[in-house]
Amino acid sequence: MWTSEAVEELRTCLDTTDWDVFRAATDSLDDYTDTVTSYIQFCEDSIIPTKTRVSYNNDKPWFTPRLRQLRKEKEAAHRAEDKESYKAAKYQFSKEVEQARTRHNKRLEDQFSVNDVTSVWRGLRQITNYKPRAHHAADDLQLAERLNTFYARIEVPHPSSSPLTEQVSSTTLVPLSSPTTITEDSMTPPDHLSPTTVLSVTEEEVHKLFWKQNPRKAPGPDGISPATLKHCAGELAAVFTDIFNTSLESCHVPACFKRSTIVPVPKKPRITGLNDYRPVALTSVVMKSFERLVLPHLKSFTSPLLDPLQFAYRANRSVDDAINLALHFILQHLDSPGTYARILFVDFSSAFNTILPSLLQEKLLQLNVPDSTCRWITDFLIDRRQCVRLGKNVSTTQCISTGTPQGCVLSPLLFSLYTNCCTSSHDSVKLIKFADDTTLIGLICNDDESAYRREVDRLGSWCSINNLELNTQKTVEMIVDFRKVTAPSPPLTLSDSPITIVDSVRFLGTTITQDLKWEPSICSLLKKAQQRMYFLRQLKKARLPAQMMVQFYTAIIESILTSSITVWYTSATTRDINRLQRIVRSAEKVIGCSLPSVQELYVSRTRGRAGRIAADPSHPGHYLLKLLPSGRRLRSIRTRTSRHKNSFFPSAVRLLNAL
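Residues numbered from 1 in each chain as written. Predicted model: local features only at pLDDT ≥ 70, side-chain atom pairs only at ≥ 80, totals over all residues. Heavy atoms only, no water.

Trainee: Provide a residue-level description of the nonpolar core, including the pertinent values.
Mentor: F240 and F244 are the most contacted members of the largest nonpolar core, which has 83 residues in total. Two domains each donate at least three residues to this core, and these are domain 1 (1-51 + 200-250) and domain 3 (319-353 + 414-513). With near-sequence residues (within four places) excluded, F244 lies in contact with V201, V206, F257, V286, F290 and L293. (Core = buried A, V, L, I, M, F, W, Y, C linked by side-chain atoms within 4.5 Å. Buried < 20%, exposed > 50% of the residue type's maximum accessible area, 1.4 Å probe, protein only. Domains from an automatic or database assignment. Contact = heavy atoms within 4.5 Å.)

Trainee: How would you sum up helix α11 (residues 233-250)? Please name residues and give values.
Mentor: With 18 residues, α11 extends 25 Å between its outermost C-alpha atoms, agreeing within 8% with the 26 Å of an ideal straight helix rising 1.5 Å per residue. The largest bend along α11 reaches roughly 30 degrees and is located at V239. Of the residues flanking the end of α11, it is C251, one or two places downstream, whose phi is positive at about 60 degrees. (Helix = DSSP H or I, 4+ residues; strand = E, 2+ residues; numbered from the N terminus. Expected span 1.5 Å × (residues − 1). Bend = angle between axes of the 7 residues up to and from the residue.)

Trainee: Give me the side chain of D616: which residues, what numbers.
Mentor: Looking at where D616 falls in the secondary structure, it is placed in the loop between α22 (598-614) and α23 (642-645). One polar contact links D616 to S618, side chain to side chain, over a distance of 2.6 Å. Those residues in contact with D616, other than ones at most four positions away along the chain, are N316, R317 and H622. (Polar contact = N/O pair within 3.5 Å; in protein donor to acceptor, adjacent residues only side chain to side chain.)

Trainee: Could you give an account of the sheet that holds strand β9 (residues 476-480), naming the residues involved and the relevant values?
Mentor: If you trace the five strands from one edge of the open sheet to the other, you get β7-β8-β3-β9-β12, paired in mixed fashion. Two strands in the sheet have a free side with no partner beyond their single neighbour: β7 (429-434) and β12 (500-501). Inspection of the sheet shows strand β3 (residues 339-346) paired to strand β8 (residues 437-445) by eight bridges, in the antiparallel sense. Within β8, the position partnered with L344 by the bridge is L440. Of the strands in this sheet, β3, β7, β8 and β9 are in contact with helix α17 (residues 450-465), which crosses β3 at around 10 degrees. (Pairing = 2+ DSSP bridges. Axes fitted to C-alpha atoms, helices over the stretch in contact; angles between N-to-C directions.)

Trainee: Before we move on, can you summarise the pairing of strand β1 (residues 259-266) with the specific residues and values?
Mentor: Looking along a regular strand, one sees the side chains alternate between the two faces of the sheet. Sheet topology places β1 next to strand β4 (residues 384-390); four bridges connect them, and they run parallel. For S260, the partnering residue across the bridge sits in β4 and is Q386. As paired elements, β1 and strand β2 (residues 277-283) share seven bridges and run antiparallel to each other. Each bridged residue has a counterpart across the sheet, and for T261 the counterpart in β2 is L282.

Trainee: Run through the side chain of S647, naming residues and quoting values.
Mentor: Take S647: it is sitting in the loop between α23 and α24 (648-657). Residue S647 is classed as buried on the basis of its relative accessible area of 9%. Discounting residues that sit within four places of it in the chain, S647 has contacts with L331 and T570.

Trainee: Before we move on, could you go through the confidence of the model for the protein and cite the residues and values that matter?
Mentor: When the pLDDT values of the protein are averaged, the result is 85; 87% of them are 70 or greater. Considering only residues more than four positions removed or in separate chains, one finds that residues 160-170, a stretch of pLDDT under 50, has 14 contacts. (pLDDT = per-residue confidence, 0-100.)

Trainee: Summarise the packing of aromatic side chains; cite the residues concerned and give the values.
Mentor: Counted under the stated rule, the structure contains 15 aromatic pairs. On the basis of an interplanar angle of 15 degrees and a centroid distance of 4.2 Å, the ring pair of F244 and F290 is categorised as stacked. Highlighted residues: F244 in helix α11 and F290 in helix α12 (residues 285-302), separated in sequence by 46 residues. With a relative accessible area of 0%, F290 lands in the buried category. The interplanar angle of 70 degrees and the centroid separation of 5.3 Å between the aromatic rings of Y534 and F535 together place this pair among those described as edge-to-face. For Y534, a relative accessible area of 43% puts it in the partly exposed group. Sitting above the plane of the Y418 ring, K363 keeps its charged end 5.3 Å from the centroid. Above the ring of F482, the side-chain terminus of R643 is found at 3.7 Å from the ring centroid. (Phe/Tyr/Trp six-rings, centres within 6.5 Å; stacked < 30°, edge-to-face > 60°. Lys NZ or Arg CZ within 6 Å of the ring centre and 35° of its normal.)

So this is what it looks like as structure tokens:
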């Protein structure tokens, strides 16, 4: 229980601590960091009081401990047959219930007034008394051991005699020099940075990150909770700034920051194998803050050199951009006679867990990342300790030196950099990536598939060299062919396994069919929106103000209706558009005010997205939104079919020119 008195006592304890004693007591960075984190955990456990509360399914969210006490007094008076006491206790109980409901409704209004989906859902669950059924893994020690072995199955031995390992194994604490300070707000262009530039962080940056911690999050294996970092940011910033800078200068990450606890979460209600458990890693909260300080430094070197067709984890890139550009490549090609397209949707097995740190270090050096940063990242990825926890059972600890922890801040960018060199070498084959979702588009002319098949073979060879394992069971192919006379396509093989040809596939959250119709995708959106209309009606019954219900509709229902709307709206049938509009009209009746139509939402989203693409020269779709010499209008995109005409880029040009 983080009471104000307990927080103040913890602050006083940490503020009066002489951190220099911890540094002077050892020459090892690992021991120094482990001692500091253990001391902070001890202070938190000793000062912050804990309280166990038993909850029941029929508990009302507004029923406070004060009400429980009054209810007991009323029941005691009833058993004693004291009419006067019972009457007074009943009146006091009823009065307190009314006040508790009023206070609870006020809290709900405050939650809905905040533009935060998490707060909205939390308040909604309290109103409807909705309790989701969470699927928990069985509390079995043997299963935990098997899962731990399964998650480490791709482990590749790391060379133990490398110069890096020898250097970091004997890391000692030395007085810090004055390395170049690089902050997120004031980045020096990469061309002016020396390859030996060493990153350092400031106490102000560390304090700012600690203060932003979410106190509701769980602590990592080091035992330091986000609440401690948030409430005691001023007291802890100095000691952790010293640890971070020492780590960066010595290119060594403390061992306690590399520990992780994996909590398997079932992907579906019925478990058929170990692969049906999703590994959710709990890592050090302090280390996540450390990674957020390194992230902008790493981006400053690598962003200009990233593959333009990698759309994940980059500014002004989205899932819709990846889908729209892929469709543009296909539809523009299909405008020509005698053409068709083959699309290979590649699925990797545990992609993030297959990265080889030594190979990643070579790739980072080729991207002009400073050598010290490369060695720090390599040390961060090797000799990581992990265990699996199922309930109260914890497996034995394994040492991992392959892959990147999926719960870490740097992992997405490191995977993008690892696969950055995986590109197509032929103009008729496009390789589009969104993190580990890889799509190979072959633009076939005159039945000549040689270039496409060569690129498929190159992709398989590249994966083998870079330790990426292809999941041939989930890798599928779809053929888009509108020719009147078609010949059967020869089967495609990848890694000596035949690839299944499908009629439709879910691509980055949107269902795409071989005839490029959008009815399955729209039906899925309609089903989700109709389910969430129930909650809107519950808010109406709770007599929430119309403004609150509009905010809920915008965050929860409208966001579903507009999911990838720039992709499918202009190609959707009138029947499907009317079905979507009926959801909007139903919401208008419930709330009692007018709401933006589906068409208005499409126009605003398309114009906004196209405007941001046109203003970003680094965007791969920027060349399609070029101004005419007059500078007043965009150059129209030539189309020959209605399918291409109704796609995103031609429609966006028309909408922007109509302004």
